[in-house]
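So you can see what is in the structure, the chains are spelled out below.
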4 protein chains.
Amino acid sequence: MIRLDSRDARPIYEQVMDSLRRLVVSGAIQPGEKLPSVRAMATTLAINPNTIQRAYESLAAEGYLHPVAGKGCFAADRGDIQGRRRETLLNRFDQTAAELIFLGLSPDELSHRLHAVSQP
Amino acid sequence: MIRLDSRDARPIYEQVMDSLRRLVVSGAIQPGEKLPSVRAMATTLAINPNTIQRAYESLAAEGYLHPVAGKGCFAADRGDIQGRRRETLLNRFDQTAAELIFLGLSPDELSHRLHAVSQP
Amino acid sequence: MIRLDSRDARPIYEQVMDSLRRLVVSGAIQPGEKLPSVRAMATTLAINPNTIQRAYESLAAEGYLHPVAGKGCFAADRGDIQGRRRETLLNRFDQTAAELIFLGLSPDELSHRLHAVSQP
Amino acid sequence: MIRLDSRDARPIYEQVMDSLRRLVVSGAIQPGEKLPSVRAMATTLAINPNTIQRAYESLAAEGYLHPVAGKGCFAADRGDIQGRRRETLLNRFDQTAAELIFLGLSPDELSHRLHAVSQP
DNA sequence: GTGGTCTAGACCACG
DNA sequence: GTGGTCTAGACCACG
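Residues numbered from 1 in each chain as written. Chains lettered and ligands numbered in written order. Predicted model: local features only at pLDDT ≥ 70, side-chain atom pairs only at ≥ 80, totals over all residues. Heavy atoms only, no water.

Draft legend 1. Inspection of the environment of S19 of chain D at higher detail. All names here are of chain D. Note that S19 resides in helix 1 (residues 12–26). Its relative accessible area of 10% is what places S19 among the buried residues. Each C-alpha atom of the pair S19 and R3 lies 7.4 Å from the other, and the pair is 16 residues apart in sequence. For S19, the contacting residues outside a window of four places in its chain are I2 and R3. (Helix = DSSP H or I, 4+ residues; strand = E, 2+ residues; numbered from the N terminus. Buried < 20%, exposed > 50% of the residue type's maximum accessible area, 1.4 Å probe, protein only. Contact = heavy atoms within 4.5 Å.)

See below:
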């Protein structure tokens, strides 16, 4: 489920964060579901545990998961995800859309894409 | 017009690239228009010329501007912008939209935003 | 016939050289034919005469044209073109072909291209 | 393996790029193989690390290698090489061939060279 | 240890 | 004057 790409210039912990967010967004990981332990995931991905630890901490800061001492990390409910993350995404959405429209795509085409994305 | 944010984790040359792209996309910089010279902009922003040089080079690789040795850098036409940039933006658009929809925004709300963005 | 491209990173005198070589190679300029004077061509292309002068001198060094004092520059016969230019081209040919073959093109495909090039 | 020629008019980073491309094309460097670190190669060639860095970056942009921060640079697979590089080479191939044919070489001679190049 | 970024300063080709 | 190249040296993130 989590694929690391050595050709990807981004640091590994960011790739891990991105993969986990996508699994949550797609429903592959359900709210309240327990995530693999830091050590387990580090072993599976053949990665330094510190790297997974950092990804988990950052996702917890965003509200995507919440750690329970001695029990592990659990996927959060949508409502828990920080407003700051939403702002970041809305800014990115506007800027990306503006540039795509500048490059010749019509708002209707992009609208179409939106509905395709929302009904997978 | 170009604002650098020291709290922004991204490197300076990327912030410069982003600002310049936005100025082109918004029409504040017109196709064919001459940009400030590497040294002029470096002085204005109180940044090392090499850093501006790098931003200009990367924007040239994307097709956003074309340098003419001895003359200066000029904003390109939309048609000159590399297809790879478009793909990057479409991927970002889909992922950002998917996460926003997961966070509770409806496709219709995002559609509204699209049209707001396209008619400034 | 000679088109300068401001988007081309190469210096103008090289672009001029390249255009003139191509005109000779294609037969658009015949052996012995008189070329426009430095001043005439500079005016036509809206370029500094020094730039044309440099292109003419370099082409003369390669054997592509020979200047006649007080008369102008004339296109040379094939036999006059320097052996050094031929060596340069053969090296470039081998290297370019090797890389194309590495990238997956077959020698036969390239052979086909050769014959297409030779019968325009 | 990498030879720099001070008489060569091309900048050092391009000479380095050319040498590395040739090593990859010839198979002396295999896909996935690790290249010397930026600093190691800089020391070997008695060149500033920034110059090597630039060569590596440009080769990465072409798809010839991919850097992994903290790990090193690795030779890519053929499939990763950008299509733009292929177009550049095809243009160069056609022009070089056209000029060689103009200079008296027959397409058959060049065809022979192709097969010699492909079976080293 | 490795690549990524940045500064400071220099010289050159082009036109 | 302008962009292009190069050197020297520094600090940082990542793992």
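Read on, since the account is not over.
Draft legend 2. Expanded view of the protein's contact with DNA strand E. Taken together, 26 residues are adjacent to DNA strand E, and I12, N50 and T51 of chain B together with I12 and R54 of chain C come closest. Sugar and phosphate atoms form 64% of the subset of DNA strand E atoms that lie within 4 Å of the protein. T51 of chain B places a side-chain nitrogen or oxygen 2.5 Å from a phosphate oxygen of DNA strand E. Elements with a minimum of two residues in the surface near DNA strand E: helix 1 (12–25) and helix 3 (49–62) of chain B, helix 1 (12–26) and helix 3 (49–62) of chain C together with helix 2 (38–45), helix 3 (49–62), strand 1 (65–68) and strand 2 (72–75) of chain D. (Near = heavy atom within 4 Å. Polar contact = N/O pair within 3.5 Å; in protein donor to acceptor, adjacent residues only side chain to side chain.)

Draft legend 3. Molecular detail of the interface of chain D and chain C. The interface is formed by 34 residues belonging to chain D together with 34 residues belonging to chain C. On the chain D side of the interface with chain C, the three residues burying the most area are F93, E99 and F102 of chain D, jointly 20% of the side's total. If you look at where chain D meets chain C, you find 4 salt bridges. The partner of R113 of chain D in a salt bridge is D94 of chain C, with the nearest N and O atoms 2.8 Å apart. Here chain D is connected to chain C by 9 residue pairs in polar contact (both at pLDDT 80 or more). If you list the elements that add at least two residues to the side of chain D that touches chain C, you get helix 1, helix 4 (83–102) and helix 5 (107–118) of chain D. At 15 residues, helix 4 of chain D tops the list of elements feeding residues into the side of chain D that touches chain C. Grouping the amino acids of the side of chain D that touches chain C by side-chain chemistry returns 18 nonpolar, 5 polar and 11 charged. (Buried area = accessible area lost by both parts, 1.4 Å probe. Salt bridge = Lys/Arg side-chain N within 4 Å of Asp/Glu carboxyl O. Nonpolar A, V, L, I, M, F, W, Y, C, P; charged D, E, K, R; others polar.)

Draft legend 4. Quick peek at helix 5 of chain D. Helix length check: helix 5 of chain D (12 residues) gives 17 Å between terminal C-alpha atoms against 16 Å at 1.5 Å per residue, within 8%. When helix 5 of chain D is considered as a whole, its buried residues turn out to be P107, L110, S111 and L114 of chain D. Looking down the long axis of helix 5 of chain D, one finds its buried residues gathered within 105° of arc, a one-sided arrangement. Exposed and oriented more than 90 degrees from the buried face of helix 5 of chain D are D108, H112 and A116 of chain D. For helix 5 of chain D, the elements touching its buried residues are helix 4 (83–102) and helix 5 (107–118) of chain C together with helix 4 of chain D. (Expected span 1.5 Å × (residues − 1). Arc of directions from axis to C-beta.)

Draft legend 5. Broad picture of the protein's contact with DNA strand F. Close to DNA strand F lie 26 residues; I12 and R54 of chain A together with I12, N50 and T51 of chain D are nearest. Backbone sugar and phosphate groups make up 64% of those atoms of DNA strand F lying within 4 Å of the protein. For DNA strand F, a base oxygen lies 3.0 Å from a polar atom in the side chain of R39 of chain B. In the environment of DNA strand F, a base nitrogen lies 2.7 Å from a nitrogen or oxygen atom belonging to the side chain of N50 of chain D. Those elements that place two or more of their residues in the surface near DNA strand F are helix 1 (12–26) and helix 3 (49–62) of chain A, helix 2 (38–45), helix 3, strand 1 (65–68) and strand 2 (72–75) of chain B together with helix 1 and helix 3 of chain D. With 3 residues, the top contributor of residues to the surface near DNA strand F is helix 3 of chain D. Looking at the surface near DNA strand F, its residues break down into 12 nonpolar, 9 polar and 5 charged.

Draft legend 6. Spatial organisation of the relation of the copies chain D and chain C. Each copy superposes on the other: chain D lies on chain C with an RMSD of 0.4 Å after a rotation of 178° and an axial shift of 0.0 Å. As the rotation angle and translation indicate, the two copies are arranged about a two-fold axis. Using C-alpha coordinates, one finds that chain D approaches the rotation axis most closely at S111 of chain D, a distance of 2.8 Å. Residue by residue, 100% of the interface of chain D is reproduced at the interface of chain C, so both copies engage with the same surface. (Least-squares fit on C-alpha atoms with pLDDT ≥ 70 in both.)

Draft legend 7. Quick peek at the pattern of salt bridges. Inspection of the entire model under this criterion finds 40 salt bridges over all chains. Salt bridges sharing partners connect three or more residues here, namely D8, R10, D18, R21, R22, E62 and R85 of chain A together with E99 of chain B.

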